[in-house]
There are 2 protein chains.
Amino acid sequence: MTSSASPTGPGTVRPGGRTARTRAAVRAATLAELAERGFAGLTVENVAARSGVHKTTVYRRWGGAEGLVADALELAATEPWPIPDTGSARGDLRALAQLVRTGFADPEQGPVATAFIAAALQNADAARSLAAFFTSRHEQSAVIVARAVERGEIPAGTDAAEVVRAAVAPVYYRLFVSGEPVDEAAADRAADAALAAARAGVYLTP
Amino acid sequence: MTSSASPTGPGTVRPGGRTARTRAAVRAATLAELAERGFAGLTVENVAARSGVHKTTVYRRWGGAEGLVADALELAATEPWPIPDTGSARGDLRALAQLVRTGFADPEQGPVATAFIAAALQNADAARSLAAFFTSRHEQSAVIVARAVERGEIPAGTDAAEVVRAAVAPVYYRLFVSGEPVDEAAADRAADAALAAARAGVYLTP
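Residues numbered from 1 in each chain as written. Chains lettered and ligands numbered in written order. Predicted model: local features only at pLDDT ≥ 70, side-chain atom pairs only at ≥ 80, totals over all residues. Heavy atoms only, no water.

As recorded in an unreviewed UniProt entry, chain A goes by AcrR family transcriptional regulator and comes from Actinomadura namibiensis.

Below is the structure:
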C-alpha cells in the first residue's frame, strides 16, 4: 500500500540514506502527533516542526494528513504481530483477543491505533491503508487456525480469517461501537465464542 | 441522555408546542446534514439554515455540533427497533445481523449511522450518547434470547446482551475496522456463530 502522494511510496529512493532517515523522522512525528492530538489534529505544520523536516518537503512527499496516516499504516502493516503459540487453540485465540485489548488500553499505542480507525472513517486513502493493514493481520494470524486444525481442535476446511475476525470483533465492538469497557473476561469470551463456533462448523468454507 | 447544552434536554419545555416543533426541525436538519457531510462537516450555521431556526437559538439550546449529535442520538435511542420474531433463535439472530447490515447499506440511514460512530470517536458527549443508544438496542434485543431460552434452544442463564453483541460485532468489524465488504452470508455467519457459542455455554453468567 503506497501513499497517494507518491506512486512509489515516500522515501524509497535511497534506502538507508537521507530519504530513509527523513521518512523515519516524519513517521515518528506522525505517530507522536496522532497520540497527542488524534487524526482531527494532525497537520503537516506540526509534523514538520516535530520531525525537523521542512514543511514543503512533507507537503511534496506526503501530500497532507491523509498521506501521513497512510504511510504510518504501511509501516505498521509490515511489522510482525507477536502471534501467540500457547499449545492450544483456546490459549492462542484468547491471547490474540487480549493482545487487541491491551494494545488499545496502552497509553502510547492506544491513541495511535484509535486515530488510525478515526482517520479511516473520514478519509478514503486512510481507509484503504487500514484495510491493507488488517488483511496483513488476518494473514499473520491464520497460523493459529492451521495449528488448531493439525491438532484436531478445529475441523479442516475452516476459514482462518473468519475465526480471527470473530475472536477480536467483540473487543472492537465494545471499544468503537457500543462504547463499553472491555475487561479480560470479555476478551476471553470473544475468543472462546470464536472457538465454539469454529468447532460447530460455522466457519467451514463452502 | 440529555445534551450538554441543557440539563433538561432541548425542547422539553412545551411538548407539542413551538419548542417541540423547533427541536424536531433542528433534529431533521441535523440528520440531513450528517447524511450529506458527515460529522466533520456538521455546523450550527448549516443546521440553522436548513431548519429555518435562528443560529443563535441553535447555539443557545444545542451548544454546537456535539450537542446536535447527542440530541439526534437521544431520539434514535427511543425509537423502537423492529426486533425480529421468526420462531427460531437462528432466524431471529440472522435477521438482527441483516438489520444492521442493510441499515448501513441504506443510502439514507447508512451515512447518518456512520456519522454517529465517527462523532463518538471524536467527542466525549457524542460517545456517551452513542453508548446509551447501544444500551437501549441491547435491552430491546434481549427478548430474542429470552424466547430462545423458553424454546430450549439456548441454556437458561445466558447473558442476552453478550449474544446480541456477538451476532452483530463481526458486521461492525468489517464495516468500521477491517474495511471489508459485508455480504448476506457474512452477516448470517456472525449470527450462527453467536448461536453456536451460546449453545456451547460461552455466554452463561457466572
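Colleague: Looking at this structure, I do not really get the nonpolar core. What am I missing?
Modeller: When a protein is soluble and globular, its nonpolar side chains tend to lie buried together. If you look at the biggest cluster of nonpolar residues, it comprises 126 residues, and the most contacted ones within it are V69 and Y172 of chain A together with V69 and Y172 of chain B. In contact with V69 of chain B, other than residues within four places in its own chain, are L34, F39, L42, F116, A119 and A126 of chain B. (Core = buried A, V, L, I, M, F, W, Y, C linked by side-chain atoms within 4.5 Å. Buried < 20%, exposed > 50% of the residue type's maximum accessible area, 1.4 Å probe, protein only. Contact = heavy atoms within 4.5 Å.)

Colleague: How do you make sense of the environment of A197 of chain B when you look at a structure like this?
Modeller: Assignment of secondary structure puts A197 of chain B in helix α9 (residues 184-199). It is 47 Å that separates the C-alpha atoms of A197 of chain B and R21 of chain B, two residues lying 176 residues apart in sequence. In this view, A197 of chain B contacts A193 and A196 of chain A together with V202 and Y203 of chain B; residues no more than four positions away in its chain are not counted. (Helix = DSSP H or I, 4+ residues; strand = E, 2+ residues; numbered from the N terminus.)

Colleague: Is there a simple way to think about the relation of the copies chain A and chain B in this case?
Modeller: The two chain copies are related to each other by a rotation about an axis together with a translation along it. Overlaying chain A with chain B gives an RMSD of 0.0 Å, the required rotation being 180 degrees about an axis along which the chain moves by 0.0 Å. The superposition of one copy onto the other is thereby described by a two-fold rotation axis. (Least-squares fit on C-alpha atoms with pLDDT ≥ 70 in both.)

Colleague: Which parts of the structure should I look at to understand helix α6 (residues 109-122) of chain A?
Modeller: Across its 14 residues, α6 of chain A extends 20 Å between first and last C-alpha, which sits within 8% of the 20 Å expected from 1.5 Å per residue. Taken as a whole, α6 of chain A has its buried residues at G110, V112, A115, F116, I117, A118, A119 and A120 of chain A. (Expected span 1.5 Å × (residues − 1).)

Colleague: How do you make sense of the domain arrangement of chain A when you look at a structure like this?
Modeller: Interfaces are frequently sized by the accessible area removed from exposure as the parts join. All names here are of chain A. What the domain assignment reports for chain A is domain 1 (17-76) and domain 2 (80-199). The C-alpha-based centres of domain 1 and domain 2 are spaced at 27 Å. Each partner contributes residues to the interface: domain 1 has 11 residues there, and domain 2 has 13 residues. Across the domain 1 to domain 2 interface the summed buried area is about 1100 Å²; carbon plus sulfur atoms make up 80%. If you sort the residues of domain 1 by the area they bury against domain 2, F39, E66 and L73 come out on top, with a joint share of 50%. (Domains from an automatic or database assignment. Buried area = accessible area lost by both parts, 1.4 Å probe.)

Colleague: What's the story with the UniProt feature "domain: HTH tetR-type" (unreviewed entry) in chain A in this structure? I'm lost.
Modeller: In the UniProt entry, the feature "domain: HTH tetR-type" (unreviewed entry) is given for residues 20-80 of chain A. Counted over residues 20-80 of chain A, helix gives 79% and strand 0%. Its end C-alpha atoms are 20 Å apart. (UniProt positions renumbered as here; feature names shortened; annotations may be inferred.)

Colleague: Mind showing me how you'd approach the interface of chain A and chain B here?
Modeller: In this complex, chain A contributes 31 residues to the contact, which on the side of chain B involves 31 residues. Surface buried jointly by chain A and chain B totals about 2700 Å² across both partners, of which 68% is contributed by carbon and sulfur atoms. It is L121, Y173 and V177 of chain A in chain A that bury the most area against chain B; as a group they hold 24% of the surface buried on that side. Seen at the junction of chain A and chain B, the total is 6 salt bridges. In this structure, E162 of chain A engages R189 of chain B in a salt bridge whose closest nitrogen and oxygen atoms are separated by 2.6 Å. At the level of secondary structure, the elements contributing two or more residues to the side of chain A that touches chain B comprise α6, α7 (124-150), α8 (160-176) and α9 (184-199) of chain A. Considering each element in turn, the side of chain A that touches chain B owes the most residues, 9 residues, to α8 of chain A. (Salt bridge = Lys/Arg side-chain N within 4 Å of Asp/Glu carboxyl O.)

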